[in-house]
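Residue-level listing of the chains:
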Amino acid sequence: MKSREEAQMEALMGESNSKSVQRGGRGIGLVLVGVTGGAALALSIIAAPFITPALRKVCLPYVPATSQQVRNVLAGLKGRSGRLVDLGSGDGRIVVAAAREAHLKSVGVELNPWLVWYSRWAAWRGGVVTSTSFITKNLWHFDLRDYQNIVIFGVEEMMADLEAKLSQELMTDGLVIACRFPLPSWTPTATIGQGIDKVWLYHRPHQDWMPPQATPNLKGPSETTSSEAHRLR
């Protein structure tokens, strides 16, 4: 039989061990909380630029184009020449595909610098770094007058403002490919695909075209000359 002193000693040792286990458990818990919190913070820092709206005038979050959307855009570019700009180019897949498949000098305009750097890496990886470039800029401040081909993956709220910008800056033989949402007033010359992958192809409406530095026609309908009427058709 254990003496009273031995029993008391074992009880004290058991209590000490229990406290040590509890302290150890709390320590491991704190470590796990710290690791989990740090990982969550790191992921938030990395992911935030990809999910934050890249175009501030309207809420336009980064949503990658599907493979079918890319194919539809390339189909719309078939036979085209000149330069291409992708407004809100995201991860650069349209720009890279246009340079590689359609052989167009292509520029991506994207406000999110993380996506711009990723796009440059994708262009290098895709072997088209010499025929592509990516600019960190707000699309509303980007001049479109040097581009024959314009691609936009927009949201409905921005299309009216974009249409007004195109009316001012799109060259006469320019092509606009709108993805996800059409332009509100212009009539498309063609559509490709269905559903979310559908794209709309536009050329500048004839009535919007005016030669450089021309003055508006202030004549009434009966005063329009035959040459002007021919030009406006």
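Residues numbered from 1 in each chain as written. Predicted model: local features only at pLDDT ≥ 70, side-chain atom pairs only at ≥ 80, totals over all residues. Heavy atoms only, no water.

## Section: the overall build of the protein
Operational definition: Per the convention used, a helix needs a DSSP run of H or I reaching at least four residues, while a strand needs a run of E reaching at least two, with both numbered from the N terminus. The cut-offs for exposure are 20% and 50% of the maximum accessible area for each residue type, with area from a 1.4 Å probe on protein chains only; residues under the lower value are buried, those over the upper are exposed, and the others partly exposed. Residue contacts are defined here by distance: any two heavy atoms, one from each residue, within 4.5 Å place the two residues in contact.
Counting secondary structure elements, the protein contains 6 helices and 7 strands. A total of 233 residues make up the protein; the buried ones form 36% of that total. In the protein, of all internal contacts separated by at least 6 residues, the share reaching a separation of at least 24 is 62%.

## Things to note about the environment of R120
The topology assignment puts R120 in helix α4 (residues 113-125). Of the residues examined, R120 reaches a relative accessible area of 31% and is grouped as partly exposed. Measuring from C-alpha to C-alpha, the distance between R120 and S133 comes to 7.3 Å, with 13 residues separating the pair along the chain.

## Here's the deal with the pattern of salt bridges
What counts, and what does not: Here, a salt bridge means any Lys or Arg side-chain nitrogen found within 4 Å of an Asp or Glu carboxyl oxygen.
Evaluation of the coordinates by the stated rule reveals 4 salt bridges. Among the salt bridges present, the one from E101 reaches R100, with a minimum N-O distance of 3.4 Å. Residues D143 and R145 are paired through a salt bridge, measuring 2.9 Å at the closest nitrogen-oxygen approach. The partly exposed category is assigned to D143, whose relative accessible area is 36%.

## Focus on the packing of aromatic side chains
To keep it simple, the criterion reads: Working definition: a ring pair exists when centres of Phe, Tyr or Trp rings (six-membered ring for Trp) sit within 6.5 Å. Plane angles under 30 degrees give stacked, over 60 give edge-to-face, the rest tilted. A ring is considered to have a charge above it if a Lys NZ or an Arg CZ atom is located within 6 Å of its centre and within 35 degrees of its normal.
Tallying each qualifying case throughout the model produces 3 aromatic pairs. A centroid spacing of 5.6 Å and a plane angle of 45 degrees characterise the contact between Y118 and W121, whose relative ring orientation is tilted. Here the residue Y118 and the residue W121 both occupy positions in helix α4, the gap between them amounting to 3 residues, near one helical turn. Under the relative-accessibility criterion, Y118 is labelled partly exposed at 38%. Plain terms: the ring middles of F142 and Y147 are 5.6 Å apart, the flat faces sit at 40 degrees to each other, and that makes the pair tilted. Here F142 and Y147 have matching classes, each one buried. Over the aromatic face of W117 sits the side chain of R120, whose NZ or CZ is 4.8 Å from the ring centroid.

## Here's the deal with unusual backbone geometry
With a phi close to 60 degrees, H103 is a non-glycine residue in the positive phi region. Residue class for H103 comes out exposed when judged on its relative accessible area of 66%.

## Concerning the sheet that holds strand β4 (residues 149-153)
The line we're drawing: Here, any two strands with at least 2 DSSP bridges between them count as paired. Between the N-to-C directions of two axes lies an angle of 0 to 180 degrees, each axis being a line fitted to C-alpha atoms and, for a helix, fitted only over the stretch in contact.
Spatial ordering of the open sheet is given by β3-β2-β1-β4-β5-β7-β6, a layout of 7 strands whose pairing is mixed. Among the strands making up the open sheet, the edge pair consists of β3 (132-136) and β6 (190-192). The mean angle between the axes of side-by-side strands here comes to 20 degrees, regardless of whether they run parallel or antiparallel. Contacts from helix α3 (residues 93-101) reach β1 (83-87), β2 (105-110), β3 and β4 within the one sheet, and its direction differs from that of β2 by about 175 degrees. Where helix α5 (residues 159-169) meets the sheet, it contacts β1, β4 and β5 (175-179), and its direction lies at approximately 170 degrees from that of β4.

## Focus on the environment of W121
The partly exposed category is assigned to W121, whose relative accessible area is 40%. Sequence separation between W121 and G92 is 29 residues, and the spatial gap between their C-alpha atoms is 9.4 Å.

## Things to note about the confidence of the model for the protein
Formally: pLDDT is a residue-level measure of predictor confidence that goes from 0 to 100.
Here the protein averages 78 in pLDDT, and 62% of its residues register 70 or above. With pLDDT under 50 throughout, residues 40-57 is counted as low confidence; its partners more than four residues away or in other chains account for 24 contacts. Contacts from residues 209-233, a stretch scored under 50 in pLDDT, to residues over four places away or in other chains number 12 contacts.

## Some remarks on α5
Spelled out, the test is: Comment: arc refers to directions from the helix axis out to C-beta atoms.
Listed as buried for α5 are M159, L162, E163, K165, L166 and E169. One side of α5 carries all its buried residues, which in axial view fall inside an arc of 165 degrees. Elements in contact with the buried residues of α5: β1, β4 and β5.

## Quick look at the side chain of N72
Of note, N72 is situated in helix α2 (residues 67-76). Residues in contact with N72, not counting those within four places in the same chain, are I192, G193, D197, K198 and V199.

## Some points on the pairing of β5
Within β5, 5 of the 5 residues are buried, which leaves it mostly tucked inside the rest of the structure. Across 5 bridges, the pairing between β4 and β5 is parallel. Note that in β5 the partner of F153 across the bridge is C179. When β5 meets strand β7 (residues 199-203), the two strands line up antiparallel, connected through 5 bridges. From the neighbouring strand, I177 faces β7, where its bridge partner is L201.

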